[in-house]
Amino acid sequence: MGRRTLIWLVAAVALVVAFFSGFQLHSRSVSGVADRTPDAQAATIREEVIEALQQSYYRPLSQEALNARTLRGVLLALDDPYTEHLPQSDYEDLLASEENSFTGVGLALSQAVRGLAVVAAIPGLPGSRAGIRAGDVITRIDDRRIGGLRYTRAAELLRGRAGTSVKLLLSRRGRRSFEVTVVRRRLSLPVVLKRTLHVRGNVYQYLRLPQFVSGAGEAVRELAERTSRKHRAGLILDLRGNVGGLLEEAVDVVRVFQGDGVVVSTHGLHERTQVYSAEGHSVRRLPLVVLVDGSTASAAEVVAGALQRAGRATVVGVRSFGKGTVQAVRRLADGSALKLTVAVLRLAGDKPVNRRGVRPDVRALDRPRTSVDEAVSAALRVLVHGHGH
């Protein structure tokens, strides 16, 4: 299969979502916002964070964390990259990303020595329309040079209300630095992207999930049932670049294809062990391949790992990221929030994901500079030869 614009579009979408939420797995059952008493509102943020950790953190707090004098010291002592303090703007972005709607300019970014490197500019969105393209490096935002700034601090400068503009100075190989003005807008990304593939007289459905946002399970079920009714020869579920999202949505996606048995369980010091199982309402007759890569993480690993262990799907690609913890978000009195790890997850058979990832059944490297998507081609070979379970 030739590499189409769709592949790049979805990769960019996933990275843009990652910009807001990082490698996360949220559970609605544990991430509610607690009511605040006047006394709690008057407490320092550090004290609130300590209280929240004592009530909900997935393992006992060390004496070092309890004795740390600053909020930063408390969080560093945890040695947990997924537990962090979110400024109010980041908290609002996180809530918006879970509902699949946020304000931005449509650029996927990564850290660069001189500023922010553009990994992709999503077609049709403000950055792309302003002429920004992959490979460009943003070196100045408005009047602030960003070389040497931390990624999160530099990215904050891009944020703002919908309808406001931001000036960007860009560096591009073979060209002098140039400036563009981009107007921020409200973005709403598709829950699922789909494509029909024709191979050797057979018709296959390709679905890509950028992230597990509200409605993902319902959307995948509808498309899978429609694919089954149309007697398609199989389905490819592409989770490459999917960095996670809502746990319940991941479980719902597994239930589309897995008829019974354990999907995943969660365990934490203050959390009742919870087991999520399939409910018997699956699309069983549809051969399935799941694609993963090194940035497939969290909720996406739940889906790939559960379907693999249930013998329901062949997993194709490279080993996934290995992020098997669950986070909840607690709003603090000043409008900021604490995102904290509350549980670890295990697949059926008590198999952990954290730091191990999901290993593919069929290894397929995806070399972006080639004209062929090797992972999709490998998935089609699996389906054509009848090995998609």
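The structure presented is a predicted model; accordingly, all values stated were derived computationally and were not measured.

**Digging into a positive patch on the surface**
A contiguous patch of positive charge on the surface is contributed by R309, R319, K351, R356 and R359. Here K351 is to be found in strand 21 (residues 351-352). Since its relative accessible area comes to 32%, K351 is described here as partly exposed.

**Some words on helix 12 (residues 374-384)**
Burial analysis of helix 12 places 9 of its 11 residues in the buried class, which makes it a mostly covered element. Elements that come into contact with the buried residues of helix 12 comprise strand 11 (193-199), strand 12 (202-208), strand 13 (234-238), strand 17 (288-292), strand 18 (314-317) and strand 22 (362-363). Regarding helix 12, its N-cap is D373, as a side-chain oxygen of that residue lies 3.3 Å from the backbone nitrogen of A375 further along. At the C-terminal side of helix 12, G386 shows a positive phi close to 75 degrees.

**Some thoughts on the packing of aromatic side chains**
Under the counting rule described, the total for this entry stands at 1 aromatic pair. Arranged with centres 5.1 Å apart and planes meeting at 70 degrees, the rings of Y57 and Y58 form a pair that is edge-to-face. Accessibility expressed as a relative area gives 0% for Y57, which makes it buried. Since its relative accessible area comes to 18%, Y58 is described here as buried. Lying across the ring of F178, R175 places its NZ or CZ 3.8 Å from the centre.

Parameters and conventions
Residues numbered from 1 in each chain as written. Predicted model: local features only at pLDDT ≥ 70, side-chain atom pairs only at ≥ 80, totals over all residues. Heavy atoms only, no water. Patch = residues over 30% accessible without salt bridge, like charges linked within 9 Å, V, L, I, M, F, W, Y side chains within 5 Å. Areas by Shrake-Rupley, 256 points an atom, 1.4 Å probe, with all protein chains shown as cover. Salt bridge = Lys/Arg side-chain N within 4 Å of Asp/Glu carboxyl O. Lys, Arg positive; Asp, Glu negative; His and termini not counted. Charge placed at Lys NZ, Arg CZ, Asp CG, Glu CD. Helix = DSSP H or I, 4+ residues; strand = E, 2+ residues; numbered from the N terminus. Buried < 20%, exposed > 50% of the residue type's maximum accessible area, 1.4 Å probe, protein only. Contact = heavy atoms within 4.5 Å. Polar contact = N/O pair within 3.5 Å; in protein donor to acceptor, adjacent residues only side chain to side chain. Phe/Tyr/Trp six-rings, centres within 6.5 Å; stacked < 30°, edge-to-face > 60°. Lys NZ or Arg CZ within 6 Å of the ring centre and 35° of its normal.

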